[in-house]
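Chain by chain, the residues:
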Amino acid sequence: MEVNAGEDQYEEASEWFVKYLNRQGDWLEKTRGNLMVAATVIAGMSFQVMVSPPGGVWQSDICSSGDQTGAVPVCKAKAGTSVLEHESSKRGLYLGMVISSTVSFSASMSLILLVISGLRLRNRMIMAILVTFMVLAVLCISAAFFFAVALVQYDDDKIIYILMVYVGFWIVFPVIILVSQLVRFLGWLICFICCCCCPRRRRSPRRLLPMTPSPAH
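If you're wondering where the values come from, they're calculated on a predicted model, not measured in any experiment. (Residues numbered from 1 in each chain as written. Predicted model: local features only at pLDDT ≥ 70, side-chain atom pairs only at ≥ 80, totals over all residues. Heavy atoms only, no water.)

### Thoughts on the packing of helix α2 (residues 32-51) against helix α3 (residues 91-116)
Two elements in contact, α2 and α3, have axes separated by 8 Å at closest approach and are oriented at 150 degrees. In terms of axis orientation, α2 runs roughly antiparallel to α3. Relative to α3, α2 is oriented so that their crossing is left-handed. Across the interface between the two elements, R32, L35, M36, A39, T40, I42, A43, S46, F47, V49 and M50 from α2 touch M97, V98, S101, S104, F105, S108, M109, L111, I112, V115 and I116 from α3. The residue makeup of the contact of α2 with α3, split by class, is 16 nonpolar, five polar and one charged. (Axes fitted to C-alpha atoms, helices over the stretch in contact; angles between N-to-C directions. Helix = DSSP H or I, 4+ residues; strand = E, 2+ residues; numbered from the N terminus. Parallel < 35°, antiparallel > 145°, perpendicular 65-115°, else oblique. Left-handed = near helix turned anticlockwise from the far one by under 90°. Contact = heavy atoms within 4.5 Å. Nonpolar A, V, L, I, M, F, W, Y, C, P; charged D, E, K, R; others polar.)

Here is the structure:
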């Protein structure tokens, strides 16, 4: 009887987890349009940062004139390329902006492709991919904003302080979300283990006693 009760509790916990996933899938189905809008906006922002980089672009080629021996002139900058790309002091910030913008754009476009592909969002794998792409796109576009502001500021203490507060916020806030989700998962896991290890006892059906004839008076 205890083994059967444990199996019943395991099935009940599994059904509860499936219902939870179904609720998450329903939420994603209802917010399909919102996901498309958010991903489109983030993709547009990432694209704009790359085609219009901070500091502008060179309007003409900057080449050193060749010497009298007929050597080919060396060009330090080409027209249409980013000005800050060639600044050695800000090379790391520029590369950080390029990497974060590229990852954000790729994640946003991948999310849009998944949404318009017609796949059911209730699928567990699709749900995990959508959430991962959306979180990655938001975090990377936030990092691109930081790198873009750091590129165009010139050692201003107030701006540096604002950027430090900005970085601290985007470190603490995702950690809080991650910890809350971890607590929810641990709570579910504890309830699941308790249900499996401490099954409820089934009530045994009462046996009907045979009726005895009353003694004749």
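### Some thoughts on the nonpolar core
Within the largest apolar cluster, 14 residues are counted, with the highest numbers of intra-cluster contacts made by I42, L111, L130 and M134. Among the elements of the structure, α2, α3 and α4 (124-152) are those that each provide at least two residues to this core. Here this core gets six residues from one element, more than from any other, and that element is α4. If you look at the next biggest cluster of nonpolar residues, it comprises six residues, including Y94, M97, F147 and L151. (Core = buried A, V, L, I, M, F, W, Y, C linked by side-chain atoms within 4.5 Å. Buried < 20%, exposed > 50% of the residue type's maximum accessible area, 1.4 Å probe, protein only.)

### A word on the side chain of S108
One can find S108 in helix α3. A distance of 2.9 Å separates a polar atom in the side chain of S108 from the backbone oxygen of S104. Every residue in contact with S108, bar those within four places of it in the chain, is listed here: A39, I42, A43 and A137. (Polar contact = N/O pair within 3.5 Å; in protein donor to acceptor, adjacent residues only side chain to side chain.)

### Let's talk about α2
The terminal C-alpha atoms of α2 lie 29 Å apart, and with 20 residues this matches the ideal 28 Å at 1.5 Å per residue to within 8%. Along α2, the positions that sit buried rather than exposed are L35, A39, I42, A43 and S46. One face of α2 carries all of its buried residues, which in axial projection span an arc of 100 degrees. Set apart from the buried face of α2 by more than 90 degrees, the exposed residues are N34 and V37. (Expected span 1.5 Å × (residues − 1). Arc of directions from axis to C-beta.)

### A look at the packing of aromatic side chains
The final tally for this structure, using the stated rule, is six aromatic pairs. Relative to F147, the ring of F146 lies with its centre 5.4 Å away and its plane at 65 degrees, an arrangement referred to as edge-to-face. Measuring from ring centre to ring centre gives 5.5 Å for F169 and W170, while their planes differ by 85 degrees; the resulting arrangement is edge-to-face. Linked through ring pairs, F145, Y166, F169, W170 and F173 together constitute an aromatic cluster. (Phe/Tyr/Trp six-rings, centres within 6.5 Å; stacked < 30°, edge-to-face > 60°.)

### Let's talk about α3
Between its first and last C-alpha, α3 extends 38 Å over 26 residues, near the 38 Å set by a 1.5 Å rise per residue. Within the span of α3, buried status applies to Y94, G96, M97, S100, S101, S104, A107, S108, L111, I112, L114 and V115. The positive-phi residue at the C-terminal boundary of α3 is G118, with phi of around 90 degrees.

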